[in-house]
Amino acid sequence: LSQRVAIVLAMAAAAFASVIMQASEGLWALSADWTLLASAWVLGLYEQSVSHDLVTDVLVVGDFGVLIGAPCSGIQGIGLVTTFLSLFIWAFRRDLNFPNALLIIPIAIVASWCLNVFRIVALTSIGAHFSRSVALGGFHDHAGWLMFLIAAVSLMFATYKIGFFRADAIPAPKT
């Protein structure tokens, strides 16, 4: 591709991502509720006193509570991992088996959301049993980036290790 075409494509991708982000803002509250419910359920598997309130968006373990607002919904992580893996699929399209490779995107969405729930669960447990300042300070943000990296890198690796996604794993047609 020429440099001009690459620049136009990059600008189009950025504009598309911006439009998608604006359209997804309505999903934030719904996703935050699902994240809160899933986190409370997981915490209930091993914590003695777990409570949650969908009206106030608060999740409590013992005497430690966290607000699960829209930014905690996981939508940002889902958007990041979807964009990142979409670019990965496009960049390595010659190496990938289509349409199979497109399944990476819904897998990434589910993985990203589940990892976000794990982040909220870990944050709440850390705050309830270890340190409130660690939970609400650095762990909150750093764990989000870590979960993004785990999802993105794991799925990129999987596309090359699992023959279902690789173009070279397709048997040649018999003539």
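Described in the following lines is the structure provided in the data block. (Residues numbered from 1 in each chain as written. Predicted model: local features only at pLDDT ≥ 70, side-chain atom pairs only at ≥ 80, totals over all residues. Heavy atoms only, no water.)

The strand order across the open sheet built from three strands is β1-β2-β3, with neighbouring strands paired in antiparallel fashion. Single-partner strands in this sheet number two, and they are β1 (50-53) and β3 (64-67). Taking each pair of neighbouring strands and ignoring which way they run, the sheet shows an average axis angle of 15°. As paired strands, β1 and strand β2 (residues 58-61) are joined by four bridges and run antiparallel to one another. Looking at the pairing, D53 lines up with V58 of β2. Sitting on the sheet, helix α4 (residues 104-129) is in contact with β2 and β3, with an inclination near 145° to β3. (Pairing = 2+ DSSP bridges. Helix = DSSP H or I, 4+ residues; strand = E, 2+ residues; numbered from the N terminus. Axes fitted to C-alpha atoms, helices over the stretch in contact; angles between N-to-C directions. Contact = heavy atoms within 4.5 Å.)

Let us look at helix α5 (residues 132-161). For α5, built from 30 residues, the straight-helix expectation of 44 Å at 1.5 Å per residue is met to within 8% by its first-to-last C-alpha distance of 40 Å. Taken as a whole, α5 carries its principal kink of about 55° at F139. On the buried face of α5, the contacting elements are β3, α3 (75-91) and α4. The distance from a side-chain oxygen at the start of α5 to the backbone nitrogen of V134 is 3.1 Å, and the residue carrying that oxygen is S131. (Expected span 1.5 Å × (residues − 1). Bend = angle between axes of the 7 residues up to and from the residue. Polar contact = N/O pair within 3.5 Å; in protein donor to acceptor, adjacent residues only side chain to side chain.)

Let us now look at the packing of aromatic side chains. Under the definition given, this model contains six aromatic pairs. Centroid distance F88 to F92: 5.0 Å. Interplanar angle 40°. Geometry classified as tilted. Between F92 and Y160 the ring centres are 6.1 Å apart and the planes differ by 90°, which places this aromatic pair in the edge-to-face class. With a gap of 68 residues between them, F92 in the loop between α3 and α4 and Y160 in helix α5 connect regions that are remote in the sequence. Among the aromatic side chains, those forming a connected cluster through ring pairs are F84, W145 and F148. The ring of W90 carries the charged tip of R93 above its face, separated from the ring centre by 4.5 Å. (Phe/Tyr/Trp six-rings, centres within 6.5 Å; stacked < 30°, edge-to-face > 60°. Lys NZ or Arg CZ within 6 Å of the ring centre and 35° of its normal.)

Keep in mind that these numbers describe shape and distance, not what the molecule does.
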